[in-house]
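# Chain and residue survey
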Amino acid sequence: MQNKSLRRYAVAATLGCAASAAFAQSSVTIYGTIDAGVQYRNRSADNAGSLTEMHTGGISPSIWGLRGVEDLGHGLKATFNLEGHYSSDTGTLTSGPGFSSQLFRRQANVGLSGEWGAITLGRQYSPALLGTIGTEPRGFKEQFSNLYGWAYNQLAAPGNALGAGTNPGNDVGVFTGNTVQYANNFGPVWLGVAYSLGEAAGSFKKGNELSVGATYTGPVTVGLGYQQIADSGSGETLSRLWNAGIAVPFGAFTGRVNYLDVTNNAPSGARVSDVQSIGVGLDYKWSAANTATLAGYYSKYKSSAHDSSTKSIVLSNDYAFSKRTTLYVQLVYADAGAVGTADPLEGLKTSIVAGGTAPGAKTILGGVGLRHTF
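Quick caveat, the model's predicted, so the values are computed rather than measured.

What follows is about the overall build of the protein chain. Summing up its helical and strand segments, the protein chain has 4 helices and 18 strands in all. For the protein chain, whose C-alpha radius of gyration is 20 Å, the value lies close to the compact-globule estimate of 21 Å for 374 residues. C-alpha extents for the protein chain along the principal axes are approximately 65 × 60 × 40 Å. The 374 residues of the protein chain split such that 52% are buried. Of the contacts formed within the protein chain by residues at least 6 apart in sequence, a portion of 59% connects residues at least 24 apart. Accessible surface computed for the protein chain: about 15400 Å², of which carbon and sulfur atoms make up 63%. Separation between the mean location of the 26 positive side-chain charges and that of the 23 negative ones in the protein chain comes to 5 Å.

Right, dumping it as structure tokens:
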């Protein structure tokens, strides 16, 4: 979920500049990304031995979508976005935990926009994530970034991926369904506020989700995000997330620091875990086509039953053949602490690796892949 591509796909359709026209005009665009590569790790997540695999989404998710805009005149536009997620290695749809099939897992929304901003209805990206994506050390890339600390700490069922807590709109804290969002640019500040209806009888609070994101873009970039998700049965808060970061360019370099703090609760309201993570990264554009990145992450898990931590280092290089096609290489070292038995997601909540790494072990991962956007 790379910075430029994600903001382009997720925000452009709803934050277009208003333009006056004497008659209505409309357009529909087909867009997407195909990302595939080969990845090796010296030990699998279950410590069963080394693993070499064809990997989908090395730096960006493999997606396809339709987006459109109609000029309604007088500065008003109607927009829509339909966006699906698939695995480039198998061609199958990629669905969220507990969902059997989702044609448009990522986005399915319609909205109106003008000089006053944009209102969007339906399934869409969390504005908390969009607000901080430019400050995450690797831009919340699809692999080897704190995208997984974000997602595993906001599963619809903390502590058990298929049943401990429910929320009909939440999908790993990245996508929100049943959502009304307002977003606008106020000078150098972008602001997005989204509210997901829980659609549960008896209480407006049950199953709701609030997400707020803001980005200041000037000589430096500052991002802030807040997200809160409630259980659809009890109405208790299942997770509460804070995220803040800064990106500072200087010549060919860009430095980034990002802090993530997530609290998980059971549907009863009892505390499950607290996770704090800090990421630091440095981009170096050493030629017109090459950008190297060095990033480090330290994530701490705390609960009444057990504490653990994971330390990770990522070295990567993206080579742009063109604006659409990128060849990338990535090398990762992850040192994961031993985990307890009370929370089956403990090891995942501090990991930057999809599926996690072997607990209590040091893991080396390396990969090379190709991404093409259309």
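Let us look at unusual backbone geometry. Residues other than glycine predominantly adopt negative phi, and peptide bonds predominantly adopt the trans conformation. The residue H74 is not glycine, and still its phi comes out positive at about 60°. Position of H74 among the secondary structure elements: in the loop between β3 (63–73) and β4 (76–85). Positive phi outside glycine occurs at V172, with the angle close to 50°. Within the secondary structure layout, V172 lies in the loop between β7 (170–171) and β8 (175–186).

Moving on, we come to the layout of surface pockets. Each pocket or cavity is described by its volume, and for the second largest pocket that value is around 580 Å³. If you trace the second largest pocket, you find 29 residues lining it, with H85, T94, E142, Y148 and A354 closest to the centre. Every element with two or more residues in the lining of the second largest pocket is listed here: β1 (25–41), β2 (51–56) and α3 (147–152). For the lining of the second largest pocket, a count of residues per class yields 14 nonpolar, 10 polar and 5 charged.

Further remarks concern the nonpolar core. Counting residues in hydrophobic clusters, the biggest one holds 22 residues, and the most contacted among them are L129, F140, L147, W150 and V174. Of all the secondary structure elements, the ones that give two or more residues to this core are α2 (127–132), α3, β8 and β13 (253–265). Look past the residues within four positions of W150 in its chain and what remains in contact with it is S126, A128, L129, T132, F140, V172, G173, V174, Q227, L241, N243 and L260. Counting 8 residues, the second-largest nonpolar core is a separate cluster that includes Y297, I352, V353 and L365.

As a further point, take the environment of G192. If you trace the backbone, G192 turns up in strand β9 (residues 189–196). Here the alpha-carbon distance between G192 and I119, two residues 73 residues apart in the chain, equals 9.8 Å. In this structure, G192 is in contact with P127, Q181, Y182, A183, S211, V212 and G213, ignoring residues within four places of it in sequence.

For residues with low pLDDT, the predicted coordinates do not support detailed interpretation. Model confidence for the protein chain is summarised by a mean pLDDT of 91, while 91% of its residues fall at 70 or above. Low pLDDT (under 50) marks residues 1–6, which in the prediction has 32 contacts with non-local residues, meaning those over four places away or in another chain. Note on residues 8–23: pLDDT is under 50 here. Beyond four places in sequence and across chains, it has 42 contacts.

Looking now at the environment of S273. Relative to the helices and strands, S273 resides in strand β14 (residues 271–284). In this structure S273 comes out as buried when scored by relative accessible area, which is 0%. For S273 and T263, which are 10 residues apart along the polypeptide, the C-alpha to C-alpha distance reads 6.0 Å. Apart from residues lying up to four places away in sequence, S273 is in contact with V262, T263, N264, Y301, K302, S303, D343 and K349.

A few words on the pattern of salt bridges. Applying the stated criterion across every chain, the model contains 7 salt bridges. Across the pair K141 and D318 runs a salt bridge, and its minimum N-O distance is 2.7 Å. Taken together, the positions of K141 in the loop between α2 and α3 and D318 in strand β16 (residues 307–320) put the pair 177 residues apart, joining distant regions of the chain. Judged by its relative accessible area of 5%, K141 is buried. Two residues, R271 and D274, come together in a salt bridge whose shortest N-O distance is 3.0 Å.

The rules we used
Residues numbered from 1 in each chain as written. Predicted model: local features only at pLDDT ≥ 70, side-chain atom pairs only at ≥ 80, totals over all residues. Heavy atoms only, no water. Helix = DSSP H or I, 4+ residues; strand = E, 2+ residues; numbered from the N terminus. Rg over C-alpha atoms; globule rule 2.2 N^0.38 Å. Buried < 20%, exposed > 50% of the residue type's maximum accessible area, 1.4 Å probe, protein only. Contact = heavy atoms within 4.5 Å. Areas by Shrake-Rupley, 256 points an atom, 1.4 Å probe, with all protein chains shown as cover. Lys, Arg positive; Asp, Glu negative; His and termini not counted. Charge placed at Lys NZ, Arg CZ, Asp CG, Glu CD. 1 Å grid on protein atoms, 1.4 Å probe; cavity = no way out; pocket = protein on both sides within 12 Å on 5 of 7 lines; lining within 4 Å. Points joined across faces, edges and corners; volume = space filled by probe spheres on them. Nonpolar A, V, L, I, M, F, W, Y, C, P; charged D, E, K, R; others polar. Core = buried A, V, L, I, M, F, W, Y, C linked by side-chain atoms within 4.5 Å. pLDDT = per-residue confidence, 0-100. Salt bridge = Lys/Arg side-chain N within 4 Å of Asp/Glu carboxyl O.

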